[in-house]
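Okay, here's what each chain looks like letter by letter:
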Amino acid sequence: MPTMNIIEAVRDALRTEMRRDPRVVVLGEDVGKFGGVFRATSGLYDEFGADRVIDTPLAEAGIIGTAIGMALYGLRPVPEIQFGDFIFPAFDQIVNELAKFRYRSGGQYPCPVVIRTPVGGGIRGGHYHSQSPEALFIHTPGLKVVAPSNPYDAKGLLLACLRQSDPVLFMEPKRIYRASRGEVPEDDYTLELGKAAIVREGTHCTLLAYSGMVSIAEETAKKAEAAGISVEVIDLRTLLPFDIDTIIASVKKTGRCVVLHEAPRTCGFGAELIASIQERAMEYLEAPILRVTGFDTPFPYTLEHEYMPNADRTLGTIRKTLEW
Amino acid sequence: MVAVQMQDDLRRVLDDEGRVLPGVKVPELSEETLGRMFDTLLLVRTMDDRMMRLQRQGRLGFYMKSIGEEATHFAVVPLRLTDWVFPSYREQGAWFWRGYSVENFINQMFGNEKDPVKGRQMPVHHTARELNLVSISSPVGTQIPQAVGAAHAAKIMGKDDVAMTFFGEGTSSTGEFHVAMNFAGVYKAPVVLVCRNNGWAISVPTERQTAAKTYAAKAVGYGMPGIRVDGNDILAMIQVATEAVDRARAGDGPTMIEALTYRVQGHSSSDDPSVYRDPHAPEPWEKRDPLNRFRTYLKHIGLWSEQLEGSIVERHNQSITEFLGKSDKLGAPPIESMFEEVYEHMPWHLAEQRDWLLQQARTKSPHAH
């Protein structure tokens, strides 16, 4: 089985689906001849041509707006927003249009658009190349939000997104785009949306993470193990709809839970997870559920390493729940 | 508001009274087509009148009339049914022309159990997929890049379909307008962009929307032709729209049409123009009423009689009365439908919320309609 990094896995998924389904087209800034600033679409222009790998003018509202029209007409567009931080000019098209088309038309117009965008910090990108805006989109009825953490999941989840008809925001962890390598089947396979993965089993505390934070969660679990603490790491993979059953089963088993995300804390996705868990498993909890998150500040440049959650902070927070 | 005068660049077929201007080519339309156009114009005006009266009686929540602007809707006449229309919220005539039924129109007004959009949008936000009339949304301009995308998709898929989109002059101030014009120009997309310049964006007059001499002039910056047309002249509307649609279908790219007209009444049932506009301002435009002008034209070519018009209006009134009566007997969409079609398959969290709501005591709507 070949090994790939996340970029290669994304590209492999796009190529696989473009070969299989002539309706799939890729569009965005620099995605054509150049192959994207992160090279996710590299080689696709040569294989599929300018009609299916479309260099767009530089305007996110236009990229998403035209992608919506393409989807309504019968294509399966996969727009790339070059950085998640640049998605906001298209916010109205995503929130008020894309996510609402099926509903507001009485089911007459599904709108199958899969938006790919790199998210997260750790690349010395400052405020405009580092944000994690998932909570804004998880709060949007009609959208699905998917956030893979590794190459195998990236390919299987992206193929799954391309084979269903709801609009998806597919968030890719850019810090580990190349650093995360793993075996990825050359074959066609899909991973069911809405299903989390238990990355590591444990008994003392459940640690919920997604996207770039899963690798931090695994590092935390290893450090914890050395200290005699058994941590169960769950990679949520799909954030909306999230896998409540897997989460609750784990929390009932461990009795403790910590949520780890990079995005700002207030009204972050962690808040929703904690609310949902305590509604269903209050009597199983031995301690309050705690969070390790980014801060409610804009994403900093020089002090990025202080902003980013890390294994030590996460382990410290797990200890706090154990000592509660 | 400067009264619009008939500059050289303004395309017209009929004069203000409805006589064919000397030396002008009249679009070739069959008697049947002319008859359907008149019938549809009368349906729009009859429907607008009836719906606004219902709104004033408190029986309908909201309405938007298009009196005086109806001729602009007929830009869709040269389209095939396989072509796509991305409307704003004031093109009733385009809907009826393409076959949208009085029954669906009325059921949408009331958001009842037979509403094609299942009570999920306020009045005048129609959808008719079978007619390629795309779902309307309230934020202005969002439909313009979508129309460009659909047009470009047709090109990619090797079909010769054309997309047409409608918007007002106020919408030309939005980012979406400029973005879409630019994409359309770059892609050479088969799209026709109809800007209905009715002089007013709710209370804000056209001179607060642009410092450009005309809206059509904006097209130049995007590498496409911009055509100005008398929007109260139904024959001129069809003429310029035909040229634009033919151009798009031939692969020659997009056209922007500025249709000059006037909003002689309020923006919507919630508006009161007396607060911000000279009550005499609409008068010059009332004299250029598109229905009167078309009627005069039909009379001149022997296709109009008072009896004919009376029978058409009577038929429309009867049909509206019939479906209003039927609508009165229809209930609201089922509660469960609120949770359906958010996604293709209902996810667990929506199912859970639905089940919870169904267990609660029922709430009575505080609204009479």
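It should be emphasised that the depicted structure is a prediction, and the values quoted were computed from it without experimental measurement.

### Re the overall build of chain B
For step 1, the next point in the chain: Helix and strand content of chain B: 10 helices and 8 strands.
For step 2, the next point in the chain: Relative to the compact-globule value of 21 Å for 369 residues, chain B shows a C-alpha radius of gyration of 21 Å, a close match.
For step 3, the next point in the chain: Principal-axis analysis of the C-alpha atoms places the extent of chain B at approximately 70 × 50 × 40 Å.
For step 4, the next point in the chain: Scored against the burial criterion, the 369 residues of chain B give a buried share of 46%.
For step 5, the next point in the chain: Considering only intrachain contacts with a sequence separation of at least 6, the fraction spanning at least 24 residues in chain B is 75%.

### Here we look at the overall build of chain A
For step 1, the next point in the chain: Check the secondary structure of chain A and you find 12 helices and 14 strands.
For step 2, the next point in the chain: The C-alpha atoms of chain A give 19 Å as radius of gyration, which agrees with the globular expectation for 324 residues (20 Å, within 12%).
For step 3, the next point in the chain: Over its C-alpha atoms, taken along the principal directions, chain A stretches across nearly 60 × 40 × 40 Å.
For step 4, the next point in the chain: Sorting the 324 residues of chain A into buried and exposed places 59% on the buried side.
For step 5, the next point in the chain: For chain A, contacts bridging at least 24 residues in sequence account for 80% of all contacts bridging at least 6.

### Brief notes about the interface of chain A and chain B
For step 1, the next point in the chain: Contacts between the two partners involve 38 residues from chain A and, on the opposite side, 38 residues from chain B.
For step 2, the next point in the chain: At the level of secondary structure, the elements contributing two or more residues to the side of chain A that touches chain B comprise helix 3 (60–73), helix 4 (91–97) and helix 5 (101–104) of chain A.
For step 3, the next point in the chain: At 10 residues, helix 3 of chain A tops the list of elements feeding residues into the side of chain A that touches chain B.
For step 4, the next point in the chain: Looking at the side of chain A that touches chain B, its residues break down into 17 nonpolar, 15 polar and 6 charged.

### Quick word on the nonpolar core
For step 1, the next point in the chain: Ranked by internal contacts, the top residues of the largest apolar core, which has 187 residues, are A:Leu207, B:Val191, B:Val192, B:Met237 and B:Ile257.
For step 2, the next point in the chain: The element best represented in this core is helix 6 (residues 234–249) of chain B, accounting for 10 residues.
For step 3, the next point in the chain: The residues that make up this core include at least three from each of domain 1 (3–183) and domain 2 (197–323) of chain A.
For step 4, the next point in the chain: Ignoring sequence-local partners within four residues, the contact set of A:Leu207 consists of A:Ala217, A:Thr220, A:Ala221, A:Val231, A:Glu232, A:Val233, A:Val258, A:Leu260 and A:Ile318.

### Remarks on the sheet that holds strand 10 (residues 205–209) of chain A
Residues and elements named next belong to chain A.
For step 1, the next point in the chain: Taken together, the 5 strands give an open sheet; going across it, the order is 9-11-10-13-14, and neighbouring strands pair in mixed fashion. Looking at which strands have only one partner, the edges of the open sheet turn out to be strand 9 (197–200) and strand 14 (290–292). The mean inter-strand angle of the sheet, taken between neighbouring strand axes irrespective of direction, is 25 degrees.
For step 2, the next point in the chain: Relative to strand 14, strand 13 (residues 257–260) runs parallel, the two sharing 3 bridges. Note that in strand 14 the partner of valine 258 across the bridge is leucine 290.
For step 3, the next point in the chain: Its contacts with the sheet put helix 10 (residues 269–281) on strand 10, strand 13 and strand 14, and the angle it makes with strand 13 is roughly 160 degrees.

### Topic: the confidence of the model for chain B
Residues and elements named next belong to chain B.
For step 1, the next point in the chain: Per-residue confidence for chain B gives a mean pLDDT of 95; residues scoring 70 or more make up 97%.
For step 2, the next point in the chain: Long-range and interchain partners of residues 1–5, a stretch whose pLDDT sits below 50, account for 6 contacts in this model, where long-range means more than four residues apart.
For step 3, the next point in the chain: Complex prediction metrics read pTM 0.97 and ipTM 0.97.

### Some points on the domain arrangement of chain A
Residues and elements named next belong to chain A.
For step 1, the next point in the chain: Assigned domains within chain A: domain 1 (3–183) and domain 2 (197–323).
For step 2, the next point in the chain: Distance from the C-alpha centre of domain 1 to the C-alpha centre of domain 2: 26 Å.
For step 3, the next point in the chain: With 27 residues of domain 1 at the contact, the number on the domain 2 side is 22 residues.
For step 4, the next point in the chain: Across the side of domain 1 that touches domain 2, the residue classes break down as 12 nonpolar, 10 polar and 5 charged.

### Side note on the pairing of strand 11 (residues 231–235) of chain A
Residues and elements named next belong to chain A.
For step 1, the next point in the chain: The element strand 11 is largely enclosed, with a buried count of 5 among its 5 residues.
For step 2, the next point in the chain: Alternating positions in strand 11 separate into two faces, Val231, Val233 and Asp235 on one and Glu232 and Ile234 on the other, with burial throughout.
For step 3, the next point in the chain: Inspection of the sheet shows strand 9 paired to strand 11 by 3 bridges, in the antiparallel sense. Looking at strand 11, one finds that isoleucine 198 is bridged to isoleucine 234.
For step 4, the next point in the chain: The pairing of strand 10 with strand 11 spans 5 bridges and is classified as parallel. If you follow cysteine 205 over to strand 11, its bridge partner there is valine 231.
For step 5, the next point in the chain: In this fold, the crossover linking strand 10 to strand 11 by way of helix 8 (residues 213–226) has right-handed handedness.

Criteria and thresholds
- Residues numbered from 1 in each chain as written.
- Chains lettered and ligands numbered in written order.
- Predicted model: local features only at pLDDT ≥ 70, side-chain atom pairs only at ≥ 80, totals over all residues.
- Helix = DSSP H or I, 4+ residues; strand = E, 2+ residues; numbered from the N terminus.
- Rg over C-alpha atoms; globule rule 2.2 N^0.38 Å.
- Buried ≥ 20, exposed ≤ 12 C-beta atoms within 10 Å, placed from the backbone.
- Contact = placed C-beta atoms within 7 Å.
- Nonpolar A, V, L, I, M, F, W, Y, C, P; charged D, E, K, R; others polar.
- Core = buried A, V, L, I, M, F, W, Y, C linked by C-beta atoms within 7 Å.
- Domains from an automatic or database assignment.
- Pairing = 2+ DSSP bridges.
- Axes fitted to C-alpha atoms, helices over the stretch in contact; angles between N-to-C directions.
- pLDDT = per-residue confidence, 0-100.
- Right-handed = clockwise from strand over helix to strand, strands pointing away.

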